[in-house]
Amino acid sequence: AQAGIAMSLGNRRAAEAAPALAKVAKGSDPVAADAACVALGRIGTAEAAKALNAVRTSVPSAKDALLRCADTMATEGAASAAAEIYRTLAVDSEPI
């Protein structure tokens, strides 16, 4: 159920859900954590990016979601924050 709710929130780009999705991303259910990361990537805010950065090495979908988040941020006026995310991902030892 959490995964479905997370995906719905992401599809709606519900920025107010970012704190709750961040908790799910850190949780013990891997399916829900992946869905929360995808949702955070779709939301595309600085708060979503912070949550994704916190789990980027522990949740498989987090890096890809963080990249998507940065792309959204770059197109919505937060180019410098997006550039910082791109730099972080570029030096990570694991591929996206």
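Higher on the page you've got the structure.
Keep in mind that what you see is a predicted model, and the values were worked out from it rather than measured.

Q: Is there a simple way to explain the environment of Ala48 in this structure?
A: Looking at the secondary structure, you find Ala48 in helix H4 (residues 46-55). Residues Ala48 and Pro19, spaced 29 residues apart in sequence, show a C-alpha to C-alpha distance of 8.0 Å. Apart from residues lying up to four places away in sequence, Ala48 is in contact with Ala18, Leu40, Ile43 and Cys69.

Q: Mind showing me how you'd approach the pattern of salt bridges here?
A: It is possible for side chains bearing opposite charge to pair when their charged atoms get close. For the coordinates displayed, the defined rule picks out 2 salt bridges. The closest approach of N and O atoms between Arg13 and Glu76, which form a salt bridge, is 3.0 Å. Of this pair, Arg13 sits in the loop between helix H1 (2-11) and helix H2 (18-25) while Glu76 is found in the loop between helix H5 (62-75) and helix H6 (79-91), placing the two residues 63 residues apart along the sequence.

Q: Mind showing me how you'd approach helix H3 (residues 30-43) here?
A: The periodicity of an α-helix, 3.6 residues per turn, causes residues three or four places apart in sequence to face the same way. Here H3 contains 14 residues, and its C-alpha end-to-end distance of 20 Å stays within 8% of the 20 Å for a straight helix at 1.5 Å per residue. Every buried residue of H3 is accounted for by Ala32, Ala33, Ala35, Ala36, Cys37, Ala39, Leu40, Gly41 and Ile43. Of the surrounding elements, those touching the buried residues of H3 are H1, H2, H4 and H5. For H3, the side-chain oxygen to backbone nitrogen distance between the N-cap and Val31 is 3.0 Å, and the N-cap itself is Asp29. Of the residues one or two after H3, Gly44 is the one with positive phi, at around 70 degrees.

Q: Can you walk me through the nonpolar core in this structure?
A: In summary, soluble globular proteins display a tendency toward joint burial of nonpolar side chains. Formed by 31 residues in total, the largest nonpolar core has its most connected members in Leu21, Cys37, Leu40, Leu52 and Ile85. For this core, the elements supplying multiple residues, two or more each, are H2, H3, H4, H5 and H6. In terms of residues, this core owes the most to one element, H3, which gives 8 residues. Not counting residues within four places of it along the chain, the set of residues in contact with Leu21 comprises Ala6, Leu9, Ala36, Ala39, Leu40 and Ile43.

The rules behind the values
Residues numbered from 1 in each chain as written. Predicted model: local features only at pLDDT ≥ 70, side-chain atom pairs only at ≥ 80, totals over all residues. Heavy atoms only, no water. Helix = DSSP H or I, 4+ residues; strand = E, 2+ residues; numbered from the N terminus. Contact = heavy atoms within 4.5 Å. Salt bridge = Lys/Arg side-chain N within 4 Å of Asp/Glu carboxyl O. Expected span 1.5 Å × (residues − 1). Buried < 20%, exposed > 50% of the residue type's maximum accessible area, 1.4 Å probe, protein only. Polar contact = N/O pair within 3.5 Å; in protein donor to acceptor, adjacent residues only side chain to side chain. Core = buried A, V, L, I, M, F, W, Y, C linked by side-chain atoms within 4.5 Å.

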